[in-house]
Amino acid sequence: MKTDLYNNETAFENLSPTLSKGEGEKAKQLVEELGVKVIDEQRQGEVLSKKTAVKVSSFGGDLEEVTAVNPSPSGRLGGAGLYYIESYGCQMNFADSEVVASILNNAGYDSTEQFLDADVILINTCAIRDNAEQRVRHRLMHLSAVKKKKRGAVIGVLGCMAERLKEKFLEEEKIVDMVVGPDAYRSLPDLIEEAETGQKAVNVLLSREETYAEISPVRLNSNGITAFISIMRGCDNMCSFCVVPMTRGRERSRDYISIVAEAKDLYAKGYREVTLLGQNVDSYRFSHDPKLVGKKLVEAKYEEHVVNFAELMEMVAQVAPDLRVRFSTSHPKDMTDDVLHMMAKYPNICKYIHLPVQSGNSRILELMNRTYTREWYMERIAAIRRIVPEAAISTDIITGYCSETEEEHLDTLSMMQHVRYEMAYMFAYNERPGTVAAKNHVDDIPEEVKKRRLQEVVDLHRVHSLERNKEDVGKTFEVLVEGISTRNDEDVYGRNTQNKVIVFDKANFKPGDYVTVKVIRCTSGTLIGEVIN
């Protein structure tokens, strides 16, 4: 699963605005034909489900799985009820839904795949683009049928859209009973109880401490091989175009002890790849010293009693040599050489870096408040090539940002020529309410110009993606099998350390196996290989 944090649907939105949830095959075809990496469009609106209820303890203890109690004719389970969750947006949202499931299971609820059977319907939302919010509003219209079947059913909206709109959401969408922000999930059982009395329930308080560190996520809809581990929450990078700091709050890191414990627990359950997840993982800092908070923690990052991201990554890599470690997302200003040296040191730390550039022009980067220049970014690319020469690099690019000239757009194209990204998430600028850009910058680039520039970026990336994949033909890679190919059930697919999908003959391989594969041909988006004994 690709792991850019914000852009599950928006990368594809610019290429095919009419894509619906059921058109995942069309998305996959574009991935192969254009080399445009779409973060699993089929996960948008994904329903969490599980055949058993789970009794959750903190990490370090045992997880006791118990058989689910059959619901009574009224639909109630053990006095609590059935919940249904749909998730939209970024991988952080999908990870949060697993935390929500854990909290509700602990409160005596069980999950259902059928929203008409649910006592509680939760929609975990994204606010990064208007398209993401409109998708949720349309879905709420369809969910109104549950109110006709179960008058006491509760419909709640979670996540970034809930945090952005707050109480206003209840006014705009009368069907909604409950609005809950990303830092308030522990209060869900109480909020549900309040909403069941007919009162509207709201908790959108942001926290400076909440990381859900001791909550064991319920791995629903998992392939049992790859999993995400949330290592931090929030973001302190006030990029002008981005709504995330307002919807997810200030940056705070999770205790490294609980992170390592979660990795060990996953490995013991058969998982063979974890992705360390955060808005900006390179700024991870944690200390048990209560005096080291905020600015003091950042300034103390090289002291012995502070764990930084490179050190955390090493701890997780040492869990087991056959547990792959990935991470997402990085910020160019925070990606230090010690992270790169740690990647080079451990074979099981995957050689793949998502390093968003956004623009190749320094003036535009300053307007975006990215806090680095074109030259700084190019120096970071040079460091990656020097320290981890086999690393694949992906990026985010925004076209048509406020006041961007044709010459500045060409700077972005020249940056692409310089790096030749293996993968890219590409967007036309979309102004979001409440951001610095919406308040202080004029969205003055005509839509047709934004789209034309976007198409030029897509076309160039298509060339680079195919070139990069052709360079892999004839090479041999270790591939972690993840599942059966959607195009041919006689093939399996997996990814190499560079995060590239490789398809090859199924034979007797199963998910979780490591297989040595030689690439024999390619498309822009996929490598096709044969097994090497």
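Quick look at the structure, then. Given the structure is predicted, the values throughout are model-derived calculations rather than measurements. (Residues numbered from 1 in each chain as written. Predicted model: local features only at pLDDT ≥ 70, side-chain atom pairs only at ≥ 80, totals over all residues. Heavy atoms only, no water.)

Another point: the overall build of the chain. Helix and strand content of the chain: 18 helices and 24 strands. In the chain, buried positions account for 61% of the 533 residues. When the accessible surface of the chain is summed, it comes to about 21100 Å², and 51% of that surface belongs to carbon and sulfur atoms. (Helix = DSSP H or I, 4+ residues; strand = E, 2+ residues; numbered from the N terminus. Buried < 20%, exposed > 50% of the residue type's maximum accessible area, 1.4 Å probe, protein only. Areas by Shrake-Rupley, 256 points an atom, 1.4 Å probe, with all protein chains shown as cover.)

As a further point, take the sheet that holds strand S21 (residues 491-495). Read around the closed barrel, 5 strands run S20-S21-S22-S24-S23, paired in mixed fashion. Ignoring strand direction, the axes of neighbouring strands in this sheet form an average angle of 55 degrees. The pairing of S21 with strand S22 (residues 501-505) spans 5 bridges and is antiparallel. Note that in S22 the partner of Val492 across the bridge is Phe504. (Pairing = 2+ DSSP bridges. Axes fitted to C-alpha atoms, helices over the stretch in contact; angles between N-to-C directions.)

Turning our eyes to something else, we now look at helix H12 (residues 309-317). In terms of residue burial, H12 counts as a mostly covered element, since 7 of its 9 residues are buried. Of all the residues in H12, the buried ones are Phe309, Ala310, Leu312, Met313, Glu314, Val316 and Ala317. Looking at the buried residues of H12, the elements they touch are helix H10 (256-268), strand S13 (273-277), strand S14 (285-286), strand S15 (307-308), strand S16 (324-328) and helix H13 (337-345). (Contact = heavy atoms within 4.5 Å.)

Glancing now at the pattern of salt bridges. Under the defined criterion, the tally for this structure stands at 47 salt bridges. A salt bridge links Lys166 to Glu163, with the shortest nitrogen-to-oxygen separation between them at 3.8 Å. Arg452 is paired through a salt bridge with Glu406; the nearest N and O atoms lie 2.6 Å apart. With Arg452 in helix H18 (residues 447-472) and Glu406 in helix H16 (residues 406-419), this residue pair connects regions lying 46 residues apart in the sequence. Residue Glu406 is classed as partly exposed on the basis of its relative accessible area, which comes to 31%. Residues joined by salt bridges that share partners form a network here, namely Asp96, Asp183, Arg233, Arg248 and Arg252. (Salt bridge = Lys/Arg side-chain N within 4 Å of Asp/Glu carboxyl O.)

Once that is clear, we can look at the sheet that holds S13. Pairing is parallel across the open sheet formed by 3 strands, whose spatial order is S10-S13-S16. Two strands lie at the open edges of the sheet, namely strand S10 (226-230) and S16, each paired on one side alone. Averaged over all adjacent pairs, the angle separating strand axes in this sheet is 25 degrees, with direction ignored. Where S13 meets S16, 5 bridges bridge the pair, whose relative direction is parallel. Its bridge partner being in S16, Thr275 is matched across the sheet by Arg326. Packing against the sheet, H10 makes contact with S10 and S13, and its axis sits at approximately 165 degrees to S10. H12 contacts S13 and S16 of the sheet and is inclined by roughly 150 degrees relative to S16.

Between the first and last C-alpha of helix H15 (residues 374-387) there are 20 Å, a value that for 14 residues agrees with the 20 Å anticipated at 1.5 Å per step. For H15, the complete set of buried residues consists of Arg374, Tyr377, Arg380, Ile381, Ala383, Ile384 and Ile387. Residues of H15 that are buried make contact with H13, strand S17 (352-354), helix H14 (362-367), strand S18 (392-399) and H16. (Expected span 1.5 Å × (residues − 1).)

Turning next to the pairing of strand S20 (residues 476-484). Of the pairings in the sheet, the one linking S20 to strand S23 (residues 514-522) comprises 5 bridges and is antiparallel in character. Within S23, the position partnered with Thr476 by the bridge is Lys518. Of the pairings in the sheet, the one linking S20 to S21 comprises 4 bridges and is antiparallel in character. Following the sheet pairing, Leu480 is matched in S21 by Arg495. The antiparallel hairpin formed by S20 and S21 contains 6 residues in its connecting segment.

Moving on, we get to empty space enclosed by the protein. Summed over the entire model, instances satisfying the criterion amount to 7 cavities of 30 Å³ or more. By volume, the second largest cavity is sized at about 110 Å³. Forming the boundary of the second largest cavity are 14 residues, of which Ala95, Val99, Pro217, Ser230 and Arg254 lie nearest the centre. Of all elements in the fold, only helix H3 (91-106) and S10 reach the threshold of two or more residues within the lining of the second largest cavity. (1 Å grid on protein atoms, 1.4 Å probe; cavity = no way out; pocket = protein on both sides within 12 Å on 5 of 7 lines; lining within 4 Å. Points joined across faces, edges and corners; volume = space filled by probe spheres on them.)

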